[in-house]
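Analysis of the macromolecular model
What follows is each chain in one-letter form.
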Amino acid sequence: MVEPNRPFRWDLVRPDQLGSLLDDVGEPSLFFLDDLIECAARVLARCADGELYFVGRSVDSLFDLLSGALADTDWSSRLHSLPLSLFRGDGRDFTPAEVRQLRTNLTADGLAPADLMRGRPTVFVDLVFEGSTFGNLYAVLRRWIDDDRAQWDVIRRQLRFVGITARTKTSPNTWRWQQHAAFAAELPAASIRNVSLDGRLWSYFGDYQHKTAASFRRTRWSDPEVASPSRDQDTRFALAQAVRVVAAGRTAQVRRRLADRLTREPAISDRWLRDLQLALRR
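These lines cover the structure that appears in this document, whether it is placed above or below.

Focus on unusual backbone geometry
A positive phi angle, close to 60 degrees, is found at D49, a residue other than glycine. Here D49 shows up in the loop between helix 1 (33-45) and strand 1 (51-55). The phi dihedral of R149 is positive, around 55 degrees, even though this residue is not glycine. For R149, the position within the fold is in the loop between helix 5 (132-148) and helix 6 (152-155).

Laid out in structure tokens, this is it:
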């Protein structure tokens, strides 16, 4: 019997469990907050009224900001942290034990083929360079869908990928990751959307920001030690920063800014996004 395994993560919306863990940690800067708010609003507008899965660790701050901002709305249950590293390898070389563990973990996250066939669209959000993580995750799900003989014609219309890219000058020759990702051709054109972010911040979130947990690579999928929190200095700094991001998201000021930014999105003509905007203003 394979049990699901998941890295430990504190509940930062209700951080009572932190106790004195951060007492000797200085107050981290939120120098990126303005850009993060802009990015968060655009991700919401492109989510097609779906369930959002924030893949890996690079989008932790985005997940934390929205967790705070949407904590008192019906959308709070739509935000999911998906601690998974699939940067290399699309699963062709996974051992049977690794496949079982990965599928068990994904089932616990609500991502089994049967789950993908019903309810709202499933929206994966991540920082994207060449799109390998999205491609590898897609390959894992696609083979699972075939193995379970699930209805691919239904699921393909439910999957969405929102890539956060490093902002560059736009031109007809701009390199766009989805134009080079083989899996993109198997999905409707509307299934893939991008949100650009200042290149320095994109690099900060993806390469330099301290995280609250180690990368959840295949070698750790079944490691029970990941369920225990780390308390080293870098982890506590990351935790202190995450706590501040969530707290910022809960403020009326940030919620209003998110709502105001949604007004400029084409999807504001849709009822679901107008309802979300009203919820953020309350």
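Now that the structure is up, let's keep going.
Quick look at the side chain of S61
With respect to the secondary-structure elements, S61 resides in helix 2 (residues 60-69). Since its relative accessible area comes to 4%, S61 is described here as buried. With near-sequence residues (within four places) excluded, S61 lies in contact with F32, L36, F205, Q209 and V245.

Examining the pattern of salt bridges
The tally for this structure, following the rule as stated, stands at 20 salt bridges. R9 is the salt-bridge partner of D64, the closest N and O atoms lying 3.0 Å from each other. Of this pair, D64 sits in helix 2 while R9 sits in the segment before helix 1, and the two are 55 residues apart along the sequence. Accessibility expressed as a relative area gives 25% for R9, which makes it partly exposed. R250 is the partner of D72 in a salt bridge, and the nearest nitrogen-oxygen pair spans 3.2 Å. Of this pair, D72 sits in the loop between helix 2 and strand 2 (79-82) while R250 sits in helix 8 (residues 233-250), and the two are 178 residues apart along the sequence.

Comments concerning the sheet that holds strand 3 (residues 122-127)
Strand pairing in a sheet relies on backbone hydrogen bonds, with the paired strands running either antiparallel or parallel. Spatially, 5 strands are ordered 2-1-3-4-5 in an open sheet, and the strand pairing comes out parallel. Unpaired on one side and paired on the other, strand 2 and strand 5 (192-197) mark the two borders of the sheet. Pairs of neighbouring strands in the sheet enclose a mean axial angle of 25 degrees, with direction left out of account. Where helix 2 meets the sheet, it contacts strand 1, strand 2, strand 3 and strand 4 (159-166), and its direction lies at approximately 155 degrees from that of strand 2.

Some points on the state of the cysteines
Per the counting criterion, the structure on display carries 0 disulfides. C39 takes part in no disulfide bond, and the closest cysteine sulfur, belonging to C47, lies 13 Å away. Classification of C47 by relative accessible area gives buried; the value is 0%.

As for the pairing of strand 2
Because side chains alternate across strand 2, one face comprises the buried residues L79 and S81, and the other comprises H80 and L82, equally buried. By the bridge criterion, 4 bridges tie strand 1 to strand 2 in an arrangement that is parallel. The residue bridging F54 from the neighbouring strand is S81, located in strand 2. The parallel pair strand 1 and strand 2 is bridged by helix 2, and the resulting crossover is right-handed.

A word on the environment of D275
When you line up the elements, D275 lands in helix 10 (residues 271-281). Note on D275: relative accessible area 36%, which makes it partly exposed. In the structure, D275 is positioned 215 residues away from D60 in sequence and 25 Å away in space, judged by C-alpha atoms.

Quick notes on the packing of helix 1 against helix 9 (residues 252-262)
Their axes nearest at 9 Å, the elements helix 1 and helix 9 cross at an angle of 50 degrees. The angle between the axes of helix 1 and helix 9 places the two elements in the oblique class. The chirality of how helix 1 crosses helix 9 is right-handed. Counting all contacts with helix 1, which are made through D34, I37, E38, A40, A41, R42, L44 and A45, the residues of helix 9 involved are V254, R257, L258, R261 and L262. Looking at the contact of helix 1 with helix 9, its residues break down into 8 nonpolar, no polar and 5 charged.

Definitions and limits used
Residues numbered from 1 in each chain as written. Predicted model: local features only at pLDDT ≥ 70, side-chain atom pairs only at ≥ 80, totals over all residues. Heavy atoms only, no water. Helix = DSSP H or I, 4+ residues; strand = E, 2+ residues; numbered from the N terminus. Buried < 20%, exposed > 50% of the residue type's maximum accessible area, 1.4 Å probe, protein only. Contact = heavy atoms within 4.5 Å. Salt bridge = Lys/Arg side-chain N within 4 Å of Asp/Glu carboxyl O. Pairing = 2+ DSSP bridges. Axes fitted to C-alpha atoms, helices over the stretch in contact; angles between N-to-C directions. Disulfide = S-S within 2.5 Å. Right-handed = clockwise from strand over helix to strand, strands pointing away. Parallel < 35°, antiparallel > 145°, perpendicular 65-115°, else oblique. Left-handed = near helix turned anticlockwise from the far one by under 90°. Nonpolar A, V, L, I, M, F, W, Y, C, P; charged D, E, K, R; others polar.

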